[in-house]
Amino acid sequence: SKTFVAGSLLSLPLGDCIEGNFDHVQVLFQPTERSSLQDSACTKDFMVMSILNNVRTELKYWEYLGSGRWQEKMSDAPGGGVPIGCDVSVSPVWPADSNDVWLIKDGYL
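Caption draft 1: Expanded view of the nonpolar core. Ranked by size, the top nonpolar core spans eight residues in total: Leu9, Leu28, Phe29, Met47, Met49, Ile51, Trp62 and Trp70. Elements represented by at least two residues in this core include exactly strand E2 (26-29) and strand E4 (46-53). When neighbours within four sequence positions are excluded, Met47 is seen to be in contact with Leu9, Leu28, Ser40, Ala41, Cys42, Lys60, Tyr61, Trp62 and Trp70. Within the second largest apolar cluster, seven residues are counted, among which are Ala41, Val48, Leu59 and Val82.

Here it is in C-alpha cells:
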C-alpha cells in the first residue's frame, strides 16, 4: 500500500475510493519543509491551489481532464501571479457551471 506525506492533496475517482482501490491516486500537492497547502478552490474545469512557500503565497493551477486525472497548468507570472508581500484568497463564482473565480488580495504593497 502507498503512503503519502501528511498535508498532501490527492485525487482519486470516487468509485475507486468507495471500493478501497487506491492504485490510481494522483498527487496534486505534497508539502515540503518550507511549503504547505493553504487552500484550494474548484471551478467547473480547474482547481486553484493557494500554497504558502517560504512565507510567500503562490497559486498553482490544475485542469481537470476527466476520469479523476488532472494536468498542471503553468503560469508565466512568478508565484502564479501573486505579488511579493500579498496574500490572495480564491473562491469559485459558480463552481458547477463556470470557471470564473473571485479573488481577494490583501497585502502591505
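Still to come is the rest of the account.
Caption draft 2: Structural view of the environment of Leu28. Mapped onto the elements of the fold, Leu28 is located in strand E2. On the accessibility criterion, Leu28 (6% relative accessible area) is buried. Sequence spacing of Leu28 and Leu9 is 19 residues, and the spatial spacing of their C-alpha atoms is 5.5 Å. Beyond its immediate sequence surroundings of up to four residues, Leu28 is in contact with Leu9, Ser11, Met47, Met49, Trp62 and Trp70.

What counts and how
- Residues numbered from 1 in each chain as written.
- Predicted model: local features only at pLDDT ≥ 70, side-chain atom pairs only at ≥ 80, totals over all residues.
- Heavy atoms only, no water.
- Core = buried A, V, L, I, M, F, W, Y, C linked by side-chain atoms within 4.5 Å.
- Buried < 20%, exposed > 50% of the residue type's maximum accessible area, 1.4 Å probe, protein only.
- Helix = DSSP H or I, 4+ residues; strand = E, 2+ residues; numbered from the N terminus.
- Contact = heavy atoms within 4.5 Å.

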